[in-house]
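Each chain, letter by letter, is given below.
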Amino acid sequence: MKMIKIEIKSLFLGLLFIGGASFLSAQTTPVDSTKTTAATSQTGNSTIDALKKQIEANPKDTDALAKLATAYQEASDWTNAVETWKKISALLPDWAPSYYSQAYAYQSAKDDANAKIAYEKYIATVKPEEVEQNKKNLAYAYFYIAFAEQQSNPAKAKEHITKSLQYDPTNEEAIKLNKVLNS
């Protein structure tokens, strides 16, 4: 679980410094979770408190909101992470990464229905010029939706898994699901 949390932190540092270009690689970069210390969780609360104060002074500070959402995710506080991502989405409705991160937080909270909705919103929000840099995340979003729909709507699940494999033909889980759906 710590491994995922560290990847999300890398994700947003990359977004803040490069403007979204490293969103894809940060999501897929493995990190050694054994290097996480107790100091991380202690500083997490002070970080959250400091960011809350910063946002209180400027509620539209999207950089601070993204850092706060990330801090909540690092603390496994999925409810506050989701709420913070929703605030960012309201301020920046065309910024696809906020929907992807919202979906991730919902998924981590085991709220599959809202995760699916957020992944769908992410897919709809990615601009054509951003598709190339978001291929891995798009592949995962389509995979997640296909997985969620495999029982209730197998035809739609097949469409989504096909899209997933178009974006990432090497994803073994998507390949397996595709075989199941088409058998």
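Here the structure is a predicted model, which means the values were calculated and not measured.

Parameters and conventions
Residues numbered from 1 in each chain as written. Predicted model: local features only at pLDDT ≥ 70, side-chain atom pairs only at ≥ 80, totals over all residues. Heavy atoms only, no water. Helix = DSSP H or I, 4+ residues; strand = E, 2+ residues; numbered from the N terminus. Buried < 20%, exposed > 50% of the residue type's maximum accessible area, 1.4 Å probe, protein only. Contact = heavy atoms within 4.5 Å. Areas by Shrake-Rupley, 256 points an atom, 1.4 Å probe, with all protein chains shown as cover. Phe/Tyr/Trp six-rings, centres within 6.5 Å; stacked < 30°, edge-to-face > 60°. Core = buried A, V, L, I, M, F, W, Y, C linked by side-chain atoms within 4.5 Å. pLDDT = per-residue confidence, 0-100. Expected span 1.5 Å × (residues − 1). Arc of directions from axis to C-beta.

## Describing the overall build of the chain
Moving on, step 1. Helix and strand content of the chain: ten helices and zero strands.
Moving on, step 2. The helix and strand sequence of the chain, counted from the amino end, reads α-α-α-α-α-α-α-α-α-α.
Moving on, step 3. Here the chain holds 183 residues, and 42% of them are scored as buried.
Moving on, step 4. Contacts in the chain between residues at least 24 apart in sequence constitute 48% of all its contacts with a sequence separation of at least 6.
Moving on, step 5. As displayed, the chain has an accessible area near 9900 Å², and 54% of this comes from carbon and sulfur atoms.

## Comments concerning the packing of aromatic side chains
Moving on, step 1. Under the defined criterion, the tally for this structure stands at nine aromatic pairs.
Moving on, step 2. Pairing Trp-78 with Tyr-104 gives two aromatic rings, centres 5.8 Å apart and planes at 80°, and the pair type is edge-to-face. Taken together, the residues Trp-78 in helix 5 (residues 78-91) and Tyr-104 in helix 6 (residues 96-108) connect sequence positions 26 residues apart.
Moving on, step 3. The buried category is assigned to Trp-78, whose relative accessible area is 10%.
Moving on, step 4. Judged by relative accessible area, which is 10%, Tyr-104 ranks as buried.
Moving on, step 5. Seen in terms of ring centroids, Tyr-142 and Tyr-167 are 5.9 Å apart; in terms of plane orientation they differ by 20°. Their pairing is stacked.

## Some remarks on the nonpolar core
Moving on, step 1. Of all hydrophobic cores here, the largest spans 35 residues; its most connected members are Leu-68, Trp-85, Ala-105, Tyr-119, Tyr-122, Ile-123 and Leu-138.
Moving on, step 2. Contributing elements (two or more residues each) for this core: helix 3 (38-57), helix 4 (62-74), helix 5, helix 6, helix 7 (112-125) and helix 8 (135-149).
Moving on, step 3. Discounting chain neighbours no more than four positions away, the residues touching Leu-138 are Tyr-122, Ile-123, Val-126, Val-131 and Tyr-167.

## Structural notes on the confidence of the model for the chain
Moving on, step 1. Here the chain averages 81 in pLDDT, while 76% of its residues score no lower than 70.
Moving on, step 2. Confidence, read as mean pLDDT per element, is least for helix 2 (residues 23-28) in the chain (33) and greatest for helix 7 (97).
Moving on, step 3. pLDDT under 50 marks residues 1-43. Its contacts with residues more than four places away, or in other chains, come to 57 contacts.

## A few points about helix 7
Each full turn of the α-helix corresponds to 3.6 residues, which orients residues three or four apart in the same direction.
Moving on, step 1. In this model helix 7 runs 20 Å from its N-terminal to its C-terminal C-alpha over 14 residues, within 8% of the 20 Å that 1.5 Å per residue would give.
Moving on, step 2. Regarding helix 7, the residues found buried are Ala-115, Ala-118, Tyr-119, Tyr-122, Ile-123 and Thr-125. For helix 7, the buried positions fall inside an angular range of 165° around the axis, keeping them on one side. More than 90 degrees from the buried face of helix 7, the exposed residues found are Ala-113, Ile-117 and Ala-124.

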